[in-house]
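# Structural overview for review
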Amino acid sequence: MTSIAIIGAGPGLGLAVARRFGREGFSVALIARSRDNLDRLTAELRESGVTAAGFTADVRDPASLSNALAQAGPVEVLQYSPRPAREFMLPVLDTTAGDLIGPIETSVYGPVTAVHQVLPGMRALGRGTIVLVNGASAVRPRAAVTGTSVAFAAESAYAEMLHDALRPEGIHVAQVIIPRGIGGGEPSHEPGVLADLVWAQHVGRGEFRTFAAPLD
Ligand SMILES: NC(=O)c1ccc[n+]([C@@H]2O[C@H](COP(=O)([O-])OP(=O)(O)OC[C@H]3O[C@@H](n4cnc5c(N)ncnc54)[C@H](OP(=O)(O)O)[C@@H]3O)[C@@H](O)[C@H]2O)c1
């Protein structure tokens, strides 16, 4: 059975993507910090017939992230989508160097750690998909959300380079940009619709960057 790892799995997008890939026969490895969160998600998935397991890790702690992915085993698909902390989103003039540590650890060191951990398995399989999910500040910095704007820009650069480097090996790297809030009433932003978009990146293997909806 082929599998997906969802790093930063919660009841919104994480669960919806787990269901979407589960419906296609994937087993699902969910990674997040809270055991309670993971237990709730895996129970829901198992009830609907999806093979799922949860592994605790903090993406800001590279050793814990590598360890969780090692326990999950080889994956064909990796989704990197931890929800950014509120304190990552300070106004630009209030943001100190120290305030950028969390965003950079989360959005740069985390993805690099995860990619290095899963790549050997994808290479052995001869295929793979890596999907990174971000808000609009990844492509349009916004002074009200400085940490994510800075760190998502770095994550975008890394992911685009990775896309070009891995394409010859049949490993597709995609970035999904979600402008505005998930589940805020826009039909395009319902978790199930966004999960279909992630699935489409996996099967379509098209452009590097996709938008869930046009930017404002
Ligand atoms: N929600 C929005 O309005 C919105 C808007 C635009 C883009 N996005 C993007 O959508 C993705 C998130 O989707 P969602 O908001 O629906 O979230 P979700 O899938 O419901 O949950 C995300 C999970 O990330 C986990 N997480 C946060 N920090 C973590 C860390 N340091 N280490 C490990 N796990 C961590 C949290 O679980 P634990 O607390 O158990 O760790 C949380 O439950 C992100 O890529 C985000 O950039 C969201």
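Further up the page is the structure itself.
Notes on the structure follow. (Residues numbered from 1 in each chain as written. Predicted model: local features only at pLDDT ≥ 70, side-chain atom pairs only at ≥ 80, totals over all residues. Heavy atoms only, no water.)

### Here's the deal with the overall build of the protein
When you go through the protein residue by residue, the secondary structure sums to 6 helices and 7 strands. Its helices and strands taken in sequence order, the protein reads β-α-β-α-β-α-β-α-β-α-β-α-β from the N to the C terminus. Against the globule reference of 17 Å for 216 residues, the protein gives a C-alpha radius of gyration of 16 Å, in line with a compact fold. Partitioning the intrachain contacts of the protein with sequence separation of at least 6 by distance along the chain shows that 72% fall at a separation of at least 24. Roughly 9800 Å² of accessible area belongs to the protein as shown, and the carbon and sulfur atoms make up 56% of that amount. If the 18 positive side-chain charges of the protein are averaged to one point and the 21 negative ones to another, these points end up 3 Å apart. (Helix = DSSP H or I, 4+ residues; strand = E, 2+ residues; numbered from the N terminus. Rg over C-alpha atoms; globule rule 2.2 N^0.38 Å. Contact = heavy atoms within 4.5 Å. Areas by Shrake-Rupley, 256 points an atom, 1.4 Å probe, with all protein chains shown as cover. Lys, Arg positive; Asp, Glu negative; His and termini not counted. Charge placed at Lys NZ, Arg CZ, Asp CG, Glu CD.)

### Focus on the pattern of salt bridges
Proximity of charged atoms lets side chains of opposite charge pair with each other. Inspection of the entire model under this criterion finds 9 salt bridges. With a closest N to O distance of 2.7 Å, Glu169 and Arg123 form a salt bridge. Here the residue Glu169 occupies a position in the loop between α5 (146-166) and β6 (171-178), and Arg123 occupies one in helix α4 (residues 101-125), the gap between them amounting to 46 residues. Salt bridges sharing partners connect three or more residues here, namely Arg20, Glu24 and Asp196. (Salt bridge = Lys/Arg side-chain N within 4 Å of Asp/Glu carboxyl O.)

### Focus: the packing of helix α3 (residues 62-72) against α4
It is the contact of α3 with α4, at a shortest axis distance of 9 Å, that shows an interaxial angle of 30°. Here α3 and α4 pass one another in a crossing that is right-handed. In this structure, α3 contributes Pro62, Leu65, Ser66, Leu69 and Ala70 to the contact, and α4 contributes Gly110, Thr113, Ala114, Gln117 and Val118. (Axes fitted to C-alpha atoms, helices over the stretch in contact; angles between N-to-C directions. Left-handed = near helix turned anticlockwise from the far one by under 90°.)

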